[in-house]
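Each chain, written out:
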Amino acid sequence: MVREETLRAGGIEVLVRRKRIKNAYLRVRSAEGPVEVNAPVAMPLEGIARFVLSKEAWIASRRGELAGAQQHAQAGRIDADGQMGPDTPSPCELEEWRAIMERDASPLVEAWAERMGVRPQRLVFRNMRSRWGSCTPATGRICLNLQLAAAPDGCLEYVVVHELCHLIAADHGPRFKAAMDCYLPDWRDRRERLRGTIRR
């Protein structure tokens, strides 16, 4: 169960979510709202506050980017499909996400591959604008979208299992869906959480 609490680090309001993870990581979702920190269950509040203050410059930069994106949206900026488009990830965000993915995704892929009896040969991370992941069964290459580092809980695991299932079935036919149902019965719910959240 995820436990939530709040604190202030300097002038920054922080929403803390306690999880069974090894390291803390931070997200900024709005220009004015609280920053979000996913933290290990045993990490003291003082340590979380120090962690947030160490990222103060990045937080200010990210909030400025979000404020600018909001102004553009309000001015009527639309994407190629005629829809209001989410802001493009910044280099700072991509750097943060890569660190999170290298820390969290690699052991997740290793654990699930062993459980499923498959052998991915290479794992890479990229910022992708149209898909959350890809698998090349012929080479065993798995590619995961860096934006999964900021995706809703459980979604990274869903994409990992999805791509590993392509080492069992290359397409999305009955064999693939049977494997997904076997290893991750709630995969459809997790997929819904990801719809429309890729930032371009």
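Since the structure is predicted, the reported quantities are computational estimates derived from the model, not experimental observations.

Undergrad: Describe in detail the packing of helix 3 (residues 91–116) against helix 4 (residues 155–165), supporting the description with residues and values.
TA: Across the interface, helix 3 lies against helix 4 with an axial gap of 10 Å and an inter-helix angle of 45 degrees. In terms of axis orientation, helix 3 runs oblique to helix 4. Regarding helix 3 and helix 4, the two cross each other, and that crossing is right-handed. Where helix 3 approaches helix 4, its residues Met 101, Asp 104, Ala 105, Leu 108, Val 109, Trp 112, Ala 113 and Met 116 are matched on the opposing element by Leu 156, Glu 157, Val 160, Val 161, Leu 164 and Cys 165. Grouping the amino acids of the contact of helix 3 with helix 4 by side-chain chemistry returns 12 nonpolar, no polar and 2 charged.

Undergrad: With reference to specific residues and values, describe helix 3.
TA: Between its terminal C-alpha atoms helix 3 stretches 35 Å, which fits the 38 Å expected from 26 residues at 1.5 Å a residue. Of all the bends in helix 3, the greatest measures close to 35 degrees and is centred on Met 101. Within the sequence span of helix 3, burial applies to Glu 93, Trp 97, Ile 100, Met 101, Ala 105, Val 109, Trp 112, Ala 113 and Met 116.

Undergrad: With reference to specific residues and values, describe the nonpolar core.
TA: Counting residues in hydrophobic clusters, the biggest one holds 36 residues, and the most contacted among them are Met 101, Leu 144, Leu 148 and Leu 164. Broken down by secondary-structure element, the contributors of at least two residues to this core are helix 3, strand 7 (141–145), helix 4, helix 5 (174–183) and helix 6 (187–194).

Undergrad: Which residues make up the sheet that holds strand 3 (residues 25–27), and what values do they have?
TA: Taken together, the 4 strands give an open sheet; going across it, the order is 1-2-4-3, and neighbouring strands pair in mixed fashion. Both outer strands of the open sheet, strand 1 (3–9) and strand 3, are each paired with one neighbouring strand and no more. Within this sheet the neighbouring strands show an average axis-to-axis angle of 25 degrees, counted without direction. When strand 2 (residues 12–19) meets strand 4 (residues 35–40), the two strands line up parallel, connected through 6 bridges. Pairing of Leu 15 across the sheet is with Glu 36, part of strand 4. Contacting strand 1, strand 2, strand 3 and strand 4, helix 1 (residues 45–54) runs over the sheet at an angle of about 60 degrees to strand 1.

Here is what the cut-offs are and how they apply
- Residues numbered from 1 in each chain as written.
- Predicted model: local features only at pLDDT ≥ 70, side-chain atom pairs only at ≥ 80, totals over all residues.
- Heavy atoms only, no water.
- Axes fitted to C-alpha atoms, helices over the stretch in contact; angles between N-to-C directions.
- Helix = DSSP H or I, 4+ residues; strand = E, 2+ residues; numbered from the N terminus.
- Parallel < 35°, antiparallel > 145°, perpendicular 65-115°, else oblique.
- Left-handed = near helix turned anticlockwise from the far one by under 90°.
- Contact = heavy atoms within 4.5 Å.
- Nonpolar A, V, L, I, M, F, W, Y, C, P; charged D, E, K, R; others polar.
- Expected span 1.5 Å × (residues − 1).
- Bend = angle between axes of the 7 residues up to and from the residue.
- Buried < 20%, exposed > 50% of the residue type's maximum accessible area, 1.4 Å probe, protein only.
- Core = buried A, V, L, I, M, F, W, Y, C linked by side-chain atoms within 4.5 Å.
- Pairing = 2+ DSSP bridges.

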